[in-house]
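Each chain, written out:
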Amino acid sequence: MTTTLYGITNCDSVKKARTRLKEAGADYQFCDFKKTPPDAAQIGRWLQQIELAQLLNKRGTTWRKLSAAEQAQAASEAGAIALMAAHPSLIKRPLLEYNGQLYCGFDETLYQSLFQAA
């Protein structure tokens, strides 16, 4: 099964995750949201495993730059999906797909348990 790390290259949390994966010798693919943004269907699949409140990053600058009307769109799942597809920086990073399971955000303990260095 493929391991994929989603995020943005200059994000500190993504950098930590990539460093941890490299240290563990993990074989993974990196998908940069800036180069390959997720579409609405992919975000919808992610929401089958991750709650919307966890996946939608309302603490970043991208969220703060949205108009009040755009922010109000996030009240519905369909609106939130459309916002995240249009602004991938609204997706909490990193997003790790490992053995069919999705993990949102960087947690050192979790990464250590999943990817123990050989």
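The chain carries the name Spx/MgsR family RNA polymerase-binding regulatory protein in an unreviewed UniProt entry, which gives Kingella pumchi as its organism. Looking at the Sequence similarities (unreviewed entry) heading of the UniProt record, one finds this comment for the chain: "Belongs to the ArsC family."

### Remarks on the nonpolar core
Ranked by internal contacts, the top residues of the largest apolar core, which has 33 residues, are Ile43, Trp46, Leu55, Met84, Ile91, Leu95 and Phe115. Within the residue set of this core, elements represented by two or more residues are β1 (4-7), α1 (12-23), α2 (40-46), α6 (77-86), β3 (95-98), β4 (101-104) and α7 (108-114). Considering every element that reaches this core, the biggest residue donor is α6, with four residues. Residues in contact with phenylalanine 115, not counting those within four places in the same chain, are Thr3, Arg20, Leu21, Ala24, Ala26, Leu96 and Tyr98.

### Here we look at the layout of surface pockets
Any empty space left between atoms is shown by rolling a water-sized probe over those atoms. One number sums up the size of the largest pocket: a volume of about 290 Å³. Every element with two or more residues in the lining of the largest pocket is listed here: α3 (52-55) and α4 (61-65). In terms of residue class, the lining of the largest pocket is made up of four nonpolar, seven polar and five charged.

### Here's the deal with the pattern of salt bridges
Any two side chains of opposite charge can pair if their charged atoms end up close together. All told, the structure shown has two salt bridges when counted by the stated rule. Here glutamate 23 and arginine 20 are joined by a salt bridge, their closest N and O atoms 3.9 Å apart. Within this pair, glutamate 23 and its partner arginine 20 are both found in helix α1, separated by three residues, close to a single helical turn. Given the relative accessible area of 53%, glutamate 23 is considered exposed. A salt bridge links arginine 20 to glutamate 108; its shortest N-O distance comes to 3.3 Å. Residue arginine 20 is located in helix α1, and its partner glutamate 108 is located in helix α7; the two are separated by 88 residues in the primary sequence.

### Some remarks on the environment of alanine 41
By the element assignment, alanine 41 lies in helix α2. For alanine 41 and alanine 72, which are 31 residues apart along the polypeptide, the C-alpha to C-alpha distance reads 21 Å.

### A closer look at the environment of arginine 64
With respect to the helices and strands, arginine 64 occurs in helix α4. Take arginine 64: its relative accessible area is 54%, and that puts it in the exposed class. When the C-alpha positions of arginine 64 and alanine 26 are compared, they lie 35 Å apart, and in sequence the two are 38 residues distant. When neighbours within four sequence positions are excluded, arginine 64 is seen to be in contact with Arg59 and Gln71.

### A closer look at α1
The first and last C-alpha atoms of α1 sit 16 Å apart over 12 residues, in line with the 16 Å expected at 1.5 Å per residue. Along α1, the residues that are buried comprise Val14, Ala17, Arg20 and Leu21. Seen end-on, α1 carries its buried residues on one side only, within an arc spanning 125°. Across α1 from its buried face, at more than 90 degrees, point the exposed residues Asp12, Lys22 and Glu23. The inward-facing, buried residues of α1 contact β1, β2 (29-32) and α7. Backbone geometry just downstream of α1 places glycine 25 in the positive-phi region, at approximately 70°.

Thresholds, definitions, all that
Residues numbered from 1 in each chain as written. Predicted model: local features only at pLDDT ≥ 70, side-chain atom pairs only at ≥ 80, totals over all residues. Heavy atoms only, no water. UniProt positions renumbered as here; feature names shortened; annotations may be inferred. Core = buried A, V, L, I, M, F, W, Y, C linked by side-chain atoms within 4.5 Å. Buried < 20%, exposed > 50% of the residue type's maximum accessible area, 1.4 Å probe, protein only. Helix = DSSP H or I, 4+ residues; strand = E, 2+ residues; numbered from the N terminus. Contact = heavy atoms within 4.5 Å. 1 Å grid on protein atoms, 1.4 Å probe; cavity = no way out; pocket = protein on both sides within 12 Å on 5 of 7 lines; lining within 4 Å. Points joined across faces, edges and corners; volume = space filled by probe spheres on them. Nonpolar A, V, L, I, M, F, W, Y, C, P; charged D, E, K, R; others polar. Salt bridge = Lys/Arg side-chain N within 4 Å of Asp/Glu carboxyl O. Expected span 1.5 Å × (residues − 1). Arc of directions from axis to C-beta.

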